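Given next are the chains, with one letter for each unit.
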Amino acid sequence: MTTTERTPRPTPRATSGPRDAVIRALHRQRRWLWLVFAVPAAVLALLIMVVLPPDQTLDNVGEWLFKVSPFLCAVPAVALFPRVKAAPALIALAVIAYMSYIDTEMVLRIQEFGRTVDTDPGAFEPVYQFELFIVTFIVLFALLAYRLGGARTATVLKTGIASILLVIAGVNDLTFWALNEVWSAGSRPDELAWASHIVVFVGGPPSVATAVVFMLVHVALAAAVLLLPLGRWVDSALGVAPRHRPQDRPH
């Protein structure tokens with residue numbers, strides 16, 4: 001007579017705090033919980049990309065939070081997305097979406113910029129807007145592939161939050177300052193006046209040194225997020241022994 005080893009059901013600890021109760025409540029609804037984040041992410045993205053006019057400059061922290069809100073909602077949606085057998089097809093569809101729309105739309109916007117740059121002061125704003133959309137798509141695409149490849153929700157969530165921090169760190173603003181040798185003044189500026197997402201936090205155009213500090217702070221925060229024992233917290237709340245193989249993890 002043979003027996004089949006079964007993974008024991010998660011059993012909550014006898015003593016637990018509010019954090020564990022929240023984790024257990026979310027875990028019970030995990031099959032559809034991703035939609036709670038995916039729907040507002042899609043609505044906000046459509047509002048920013050289609051309804052509202054493109055705007056390259058942020059005026060305050062509230063506007064910054066609004067513009068990044070689709071990203072903030074999309075990351076937990078991807079982290080909670082169920083691992084399905086159709087994963088290869090989903091990845092292929094994402095590639096098709098990129099090649100059939102995103103790549104073409106970017107080229108069209110660049111062409112339009114070339115035609116109107118001499119007559120329209122805001123000609124670059126649609127290009128800038130779509131470039132940010134592409135950055136977001138690339139990060140979410142990588143997270144989706146990571147999730148569908150077997151990564152657990154806690155790990156994808158940490159990776160996504162760290163990625164958001166790195167995207168807004170201003171690395172590209174510093175490389176733009178360092179590598180762009182075509183300045184109207186004939187030399188590199190002392191301030192990064194175009195980095196409005198830094199301006200709204202520091203109160204004015206950041207100096208190069210300020211931008212470097214801003215970047216380093218965000219890199220440190222990203223590293224701290226990646227080091228959080230989020231997976232252990234989830235296992236502890238659910239009463240599950242830590243596992244080492246992604247396919248053995250129930251969440």
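Computed from a prediction, not measured in an experiment: that's the story for all the values here. Counting from 1, residues in each chain are numbered in the order their sequence is written. Thresholds applied to this predicted model are a pLDDT of at least 70 for local features of residues and 80 or more for the giving and counting of side-chain atom pairs; totals over whole chains, interfaces and linings are not thresholded and use all residues. Just so you know, side-chain values use all the structure's heavy atoms and leave hydrogens and water out.

A. View of the pattern of salt bridges. Throughout this description, the term salt bridge denotes a Lys or Arg side-chain nitrogen within 4 Å of a carboxyl oxygen of Asp or Glu. Tallied over the entire structure, the rule returns three salt bridges. Among the salt bridges present, the one from E63 reaches K67, with a minimum N-O distance of 3.6 Å. Of the two residues, E63 and K67 both sit in helix α3 (residues 61-80), four residues apart, roughly one turn of that helix. Strands are runs of DSSP state E lasting at least 2 residues, helices are runs of H or I lasting at least 4, and numbering of each runs from the N terminus.

B. Layout of the packing of helix α6 (residues 153-167) against helix α9 (residues 208-227). Their axes nearest at 8 Å, the elements α6 and α9 cross at an angle of 180°. As the angle between them shows, α6 and α9 are arranged roughly antiparallel. Contacts from K158, T159, I161, A162, L165 and L166 of α6 reach α9 at H218, V219, L221, A222, V225 and L226. Gly counts as polar in this scheme, as do all residues outside two lists: the nonpolar Ala, Val, Leu, Ile, Met, Phe, Trp, Tyr, Cys and Pro, and the charged Asp, Glu, Lys and Arg. Per-class residue counts for the contact of α6 with α9 are nine nonpolar, two polar and one charged. Angular values range over 0 to 180 degrees, each being the angle between N-to-C directions of two axes fitted as lines to C-alpha atoms, with helices fitted over their stretch in contact. In these notes the angle categories are as follows: under 35 degrees is roughly parallel, over 145 is roughly antiparallel, 65 to 115 is roughly perpendicular, and the rest is oblique. We call two residues in contact whenever any of their non-hydrogen atoms come within 4.5 Å of each other.

C. Structural context of the nonpolar core. By convention a nonpolar core is built from buried Ala, Val, Leu, Ile, Met, Phe, Trp, Tyr and Cys residues, the set being connected through side-chain atoms within 4.5 Å. Partly exposed describes any residue whose relative accessible area lies between the buried limit of under 20% and the exposed limit of over 50%, with all areas from a 1.4 Å probe on protein chains only and scaled to the type maximum. Core analysis: the biggest nonpolar cluster contains 23 residues, and W64, F71, V75, V78, L140, L143 and V156 have the highest contact counts within it. Counting only elements with at least two residues in this core, the list comes to α2 (33-51), α3, α5 (125-148) and α6. Filtering out sequence-adjacent residues up to four positions away, F71 remains in contact with T136, V139, L140, I164 and V167. A169, L174, A195 and M215 belong to the second-largest nonpolar core, a separate cluster that totals eight residues.

D. The packing of aromatic side chains, seen in detail. Planes of paired rings set the category: under 30 degrees apart is stacked, over 60 is edge-to-face and the rest tilted, where pairs are Phe, Tyr or Trp rings (Trp by its six-membered ring) whose centres lie within 6.5 Å. The tally for this structure, following the rule as stated, stands at ten aromatic pairs. Taken together, the ring pairs connect W64, F201 and F214 into an aromatic cluster.

E. Summary view of helix α4 (residues 87-116). Compared with the 44 Å implied by 1.5 Å per residue over 30 residues, the 42 Å span of α4 between its first and last C-alpha is a close match. Think of it this way: the bend at a residue is just the angle between two axes, each fitted to seven residues, one set ending at that residue and the other starting at it. Of all the bends in α4, the greatest measures close to 35° and is centred on Y98. Those residues of α4 lying buried are A87, A94, I102, E105, M106, R109 and T116. Close packing links the buried residues of α4 with α5. In a helix, the anticipated span is given by 1.5 Å times the number of residues less one.

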